[in-house]
Amino acid sequence: MNLELAGGKIFSDAWHRVASVQVQLRSSVGAHRQYFRGEPWVILRDRFSNDWFRISPDAYAFLCRLESGCSVDEAWNESLAADPKRALTQEEVVQLLGQLNLSNLLQYDRSDSAATLFERMSRRKKSETVALLMGFLSIKIPLYDPDHLLEKAMPLIRRIYGPVGMVLYLLLLLAGGKALMEESSRLFDQGSGLLAPSNLGLLYIGFLISKLLHEFSHAAVCKRFGGEVHRMGVMLLIFAPMPYVDATSAWGFKQRSKRILVSLAGVVAELAFAAAAALVWANTAPGTLNALAYNVIFVASVSTLLFNMNPLMRFDGYHILVDALEVPNLFQRSREQLRYLGERFLLQLPHAQPAARTATESWLLPAFGLLSMLYWLLLMFNIMLFIAGEYFELGVALAILLFFMSLVVPLFKFVKYLASSPNLDHHRSHAVGISLVLSMVAIMVLGLLPVPDRIRVMGVVQAGQSRQLHVESEGFFSELLARPGTVVQRGQPLLRLSNPDLEMEIRAAKMQLKQLKAQEIQAIAGAVAELSAIYRQKQAAEESLSTLLGRKEGLLVVAPVAGIWSASELDASHGQWLGRGASAGTIVNQEDWRFVAVLPQVASHAFEDTIQQTEVRLRGQEEINLLAQATVVMPFEQGQLPSRALGMAGGGDIAVSNADSSGLTAAESFFRIESILSVDALTHARLLHGHVGTMRLTLSDRPLFAQWERKLRQLFQRRFRV
Amino acid sequence: MSPLAHAHFRPISSLATPLDRSTSLRPLQPRVEGLDALAHHLIGHWRRWRSPVEELTRQGRESLEACEALSTFTDDALRVRLGELRDSLRLDPAEGKGMLIQAIGCVGQMALRHLGLKPYPVQFMGALALHRGLLAEMATGEGKTLTVGLAGVLAGFSGRTCHIITANDYLAHRDAEEMTRLYHACGLSVSSVVSTMEQAERAIQYGSDVVYLTAKELLADYLRDEIGSGSREQRTQAAFMAWLNGVAGTEPPGRVLVRGVHTAIVDEADSILIDEAVTPLILSASRENRGLAEAVMIVSQLADTLVEGEDYSSNIPGKNVQLLPSGMERLTHFIRDIPVVWRPAQRREELLRQALFVRHFFKPGHHYVVQDGEVVLLDEFTGRMTPGRSLTAGLHQAIEAREGVTISTPKESLTQMSFQAFFSRFRKLSGCTGTAWEAAAELWRVYGLQVVRIPEHRRRQTIYRTPVITRSGSGKWQAILEEVLKEHRLGRPVLVGVRSVNASEMLAERLRNAGCEVRVLNALTHAEEAEIVSQAGQAGVITIATNMAGRGTDIRLGQGVVERGGLHVVVAEINESLRVDRQLAGRCGRQGDPGTVSIYLSLDDDLAVRLLPESFRSFISLLTGHSVRGLALAAQRAFRWAQSRLEAEAFARRWSVLKADEWMRSALPFEGQGRRTS
């Protein structure tokens, strides 16, 4: 029974247990007032064990009566006589004393109850062990009591966290910011190397130093405002050692602003560290110090703002949010509120108790709950992928654990809740029925209802009919007669080449012919016997001339077909030398376009399935949906990619062989998917040969479960080659 | 550290003497949790599955042989033999140095000679099961009294204190009386303690070797001793100090339970260990509370004017009442009249809720009766009056205000203990009952009692008639009336079991109007119980009884009744537990006699209204009247289902009592009287 229910029962059947006992708070327990949402509360805290308890002022008034050494019964009678309206009921007293005693905050005049003390201790130890195992992602190992050290450092701390320190701090931030501004180009150039494996060591060192400062800053500010810091140690955050201090005594501060300041202190210190590092980095020559400073700039600013200040993770940001909103136990209560919403609106329990007490809380709590839950899942998923990439077995183990924790455990808890929760009394069959129907619907929708199954692949646009233009005779590019990218007619001259050598050869050939003609006339006059030989020579010379003339004609490149001339290979500047057979662009027929895409072969289901619909969206023209027809999937073993853009070297998905510098030879086998873009596509989009786009294939409908299962399998196959 | 120094620091509690072990309760064992609890549960199943019944059967047969072998002994020789066996049992209470079978055979021979009853093998089996600390399920009418008697003699032989727990005072007295000759013949003293006895008389009775009494009496006396004269250590210390100071004769204040507790044999174990264990036993004293009486009166008057649905809502399945805003508003008008202690909103609303709760869920004649200007509660399971018992403060006064009797001062509890905690701490616990199998898992979990089914001596001849289902309550009573008259005309004795005093009076009235003579056994006529029961088996006698005529009531058939078909039992109102129904049905067909049982179900029954869905009830209601085959059986199934729901709820309640008890013990460990000596 909780304290709220106990309010109605003025008499308690268990009164005899406490009536004659002289009991009071332990002498090590201190009490002070705190306000939560305008309501006064009394916070009890044991200095030795750091145990906490929050009670109402009425309850505290009763505890004060007990301090005089009277028995519980006497104190209760006194309180009833003094102020009947605010006196606790017997049941409240029993519950209060019980809970305080379970928190080890009481001492009493009974000698033969020490056994329960040991019982409580062993239970507490056990629950701590369980908590340690459950929270394996952040294990805390206390090592050192820094209180004495901080005590000695108090003069320094007062100075740093005082007005002078603040001014210096702001100046440091300004200077650091200025340095970064000035060197901003260099700053981002180096950025890509930050996560490179060779840098990870330095990064971690930077991380460690800034976190150490962070924690000390918490401790110092906590101490500065009169708190105590007794624990400092190592926290294994996702198995990476990290310093931590226990500044929880700050929770006892009366003023909210002080509590917030303690939470903020860590980030404040890190920002100062980042600013100092920026100054070092900007003013040193490349070297280890410089590199370290560079790492610190990022670690102490970006990471701390992203993680420590993120209220969705239970770090400083969360505590600040809790204090700022004055919603204690935000995390826990957000889950309770979600549960309430489920109970009230899904299971239709009329007596469900909301955790939210105000209108703001009623939307704030579920929103926070959902966001933090999604965030947690996302984070876990990414951590899992990351670890699996490095250590496959560990990653799989984590995946199984994640699956277990996010699906099996909640499901088990839910079934247990349905089976045995006292909240469901008299509505149990109703609730079970609703859950059964809902889960049936979910299973039907996910497991049986076929929905469109789609895959997306990258590909390029190719013209169905295209003519590669080749230069027939070599020469220098001298004149452009048509603009590349425009429509050209058949026979239209496109460009002219000039070849002085050829001109010379023609002249030489002509001269030779002239000479031969003269010789021929001479021979007719003189030596008839030589005539036939000269005749043959002349024929050869004529042939050679006509060849040369033909080559000269070839210097004028003419469109062989009508279409769009694209000539990406041509250097716009004149004077480029084009060898014989060199490409002079492509003339593309506008009527007929294909889209060629590639798909890794793990997605083999696309090969077996019938393709219902194919749509294409081109990069840069994503708003236009192009329909494609006659899609064919062809297996290609380690073939040539249709375009460099589809390989990893060109930014695509398919791994390419390292041996091929052109980036066209695929390292893994893939499917080549070809489809014909429909005619109306031409009217809407500007198609260019070689344009990259995404193709969406709609396969035959299948249930979501089947699709997810396949995607997971493919993810594992591709990423981990299982 | 030297061994000597070690011994010096040994805690006092481990110095318990053997005598202490044989007279005190075991310390409470922590309840197993989590996987251990699961394992414990599975062990229970395993043990029940490979039941020791075969070995018991063999030993039962051997016991009978041992018994018959002694038939040639003279009385004196037998007495000598018995003395030897008694000595071996005293030395080795469990197996009697291998002479256990001989001993029980010998006691059986004594029973034959002094009671005129020769135990059947199944009775030997049952007694052996009791001796082994098992819970014997023996069919109703198999002669459990003698079985318990045999086991009681064995326990008495061991020299340890033995308490035999019965379902009520009447049975305690009757059983002790019936068995007296056997105990005396075996050289043991026997007595019974009933609620009307004074303390001095009790102490004398408790001095006997074997004591018959109810669980309530035993626990109450135990608790009185506990709070009465300090803890065990203190008593020991006081005695030691008296001896040290040479002040002879200053004995520590007398205890009621002079011999302590050691062995308990629980007759009707399911009733005592399960049904009655819902509420812990609370020793209480009156304590003046200023203003409670006035506040209760004011609130009670207000409650009479409130309208359900407008001012408050009641949830019948959930057994609770909720105030609506208008009800709370109306309560505030009276705020000036209510004494100041009760003015805070929570408290005054609690009083109003209690007043409304009483109006909805406490029925006079069913839950309580008013006698001599006092509200006396009735026991839900036995239908008996429980003078001295009261509900939680406020609720009891709410009933008194409603009935217009003087408002009593609220009781303040002095100490309390749950029956679960009490019985599970006995050094030796065993029990027998007719109906335990349904509750076997709970008995194992809570008390560590293993249920063993003892076969029947003779096949039961009871015929269960097809249940009768009626649409309305009035139709049901009419049908019962007709059936009773029909059986009455055949000359058979008829026993009608109803659930409330009012129902018993109403039915008796109608039967009297029909010209029959009727005996009514209910809480108000409990004085004539023995006489009514002794007549109930005579030809043509009609007896209407509340649950009082359930457990242990032995209805012996009169002359010529067997030929007419034996006793006819009418279960007029189905109970909240199947076990209670089975107990009532078990009144006929005892020891192989013929008998018939008919069960009447009505859609107006409490059980149906509370638990069966409206749609189902209207469906059944549509079909009744048409001769649909299997309808009654289907309806009976549904009622059984409702019963199992209630049993599960009751278990949850008992479990929460246990849990609350444990919470109290760990959170408020202030039970010990010892002040810290500083």
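Look above for the structure.
In short, a report on the structure. (Residues numbered from 1 in each chain as written. Chains lettered and ligands numbered in written order. Predicted model: local features only at pLDDT ≥ 70, side-chain atom pairs only at ≥ 80, totals over all residues.)

**Brief notes about the pairing of strand β13 (residues 493-498) of chain A**
All names here are of chain A.
Now for step 1: Sheet topology note: the strand β11 (residues 475-480)/β13 ladder contains four bridges and is antiparallel. Looking at β13, one finds that Phe477 is bridged to Leu497.
Now for step 2: Direction of pairing for β13 relative to strand β14 (residues 556-558): antiparallel, over a ladder of three bridges. Bridging across to β14, Arg496 finds its partner in Leu556. (Pairing = 2+ DSSP bridges. Helix = DSSP H or I, 4+ residues; strand = E, 2+ residues; numbered from the N terminus.)

**A word on the pairing of strand β18 (residues 542-545) of chain B**
Residue and element names in this part refer to chain B.
Now for step 1: Taking every second residue as pointing to the same face, both faces of β18 are buried, with Ile542 and Ile544 on one and Thr543 and Ala545 on the other.
Now for step 2: With four bridges connecting them, strand β16 (residues 494-497) and β18 associate as parallel partners. Bridge pairing in β18 links Gly497 to Ala545.
Now for step 3: Sheet topology places strand β17 (residues 518-521) next to β18; four bridges connect them, and they run parallel. (Buried ≥ 20, exposed ≤ 12 C-beta atoms within 10 Å, placed from the backbone.)

**A closer look at the environment of Gln322 of chain B**
Now for step 1: Here Gln322 of chain B is to be found in strand β8 (residues 320-323).
Now for step 2: Distance in space between the C-alpha atoms of Gln322 of chain B and Phe357 of chain B is 9.3 Å, their sequence separation being 35 residues.

**Quick look at the nonpolar core**
Residues and elements named next belong to chain B.
Now for step 1: Formed by 90 residues in total, the largest nonpolar core has its most connected members in Ile104, Val107, Leu154, Ile265, Leu273 and Leu443.
Now for step 2: Those residues in contact with Leu443, other than ones at most four positions away along the chain, are Leu135, Leu273, Ala436, Leu449 and Val451.
Now for step 3: Counting residues in each nonpolar core, the second largest holds 52 residues, with Ala503, Leu507, Val570 and Leu601 among its members. (Core = buried A, V, L, I, M, F, W, Y, C linked by C-beta atoms within 7 Å. Contact = placed C-beta atoms within 7 Å.)

**Topic: the environment of Ala441 of chain B**
Residue and element names in this part refer to chain B.
Now for step 1: Structurally, Ala441 is set in helix α19 (residues 440-447).
Now for step 2: Assessed through the 15 C-beta atoms surrounding it within 10 Å, Ala441 is described here as partly exposed.
Now for step 3: Linking Ala441 and Val451, residues ten residues apart in sequence, is a C-alpha distance of 8.8 Å.

**Side note on the sheet that holds strand β8 (residues 240-246) of chain A**
Residue and element names in this part refer to chain A.
Now for step 1: Taken in spatial order, the three strands line up as β6-β7-β8 in an open sheet, and their pairing is antiparallel. The strands lining the two open edges of the sheet, one partner per strand, are β6 (138-144) and β8. Averaged over all pairs of adjacent strands, the angle between strand axes in this sheet comes to 30°, irrespective of strand direction.
Now for step 2: Bridge analysis of β6 against strand β7 (residues 231-237) gives six bridges, and the strand direction is antiparallel. In the sheet register, Ser138 faces β7, and the bridge partner there is Leu237. (Axes fitted to C-alpha atoms, helices over the stretch in contact; angles between N-to-C directions.)

**Remarks on the environment of Gly260 of chain B**
Residues and elements named next belong to chain B.
Now for step 1: Its location among the elements puts Gly260 in the loop between α12 (232-244) and β5 (263-267).
Now for step 2: Taking C-alpha positions, Gly260 is 8.4 Å from Tyr222, a pair spaced 38 residues apart along the chain.
Now for step 3: Contact partners of Gly260, with chain neighbours within four places excluded, come to Thr23, Ser24 and Thr161.

**Description of the sheet that holds strand β4 (residues 52-55) of chain A**
All names here are of chain A.
Now for step 1: As summarised here, the arrangement of the three strands in space is β2-β3-β4, forming an open sheet in which the pairing is antiparallel. At either end of the open sheet lies a strand with only one pairing partner, and these are β2 (29-36) and β4. Averaged over all adjacent pairs, the angle separating strand axes in this sheet is 25°, with direction ignored.
Now for step 2: Direction of pairing for β2 relative to strand β3 (residues 39-46): antiparallel, over a ladder of eight bridges. From the neighbouring strand, Gln34 faces β3, where its bridge partner is Trp41.
Now for step 3: Of the strands in this sheet, β2, β3 and β4 touch helix α3 (residues 57-66), which is tilted by about 45° from β3.

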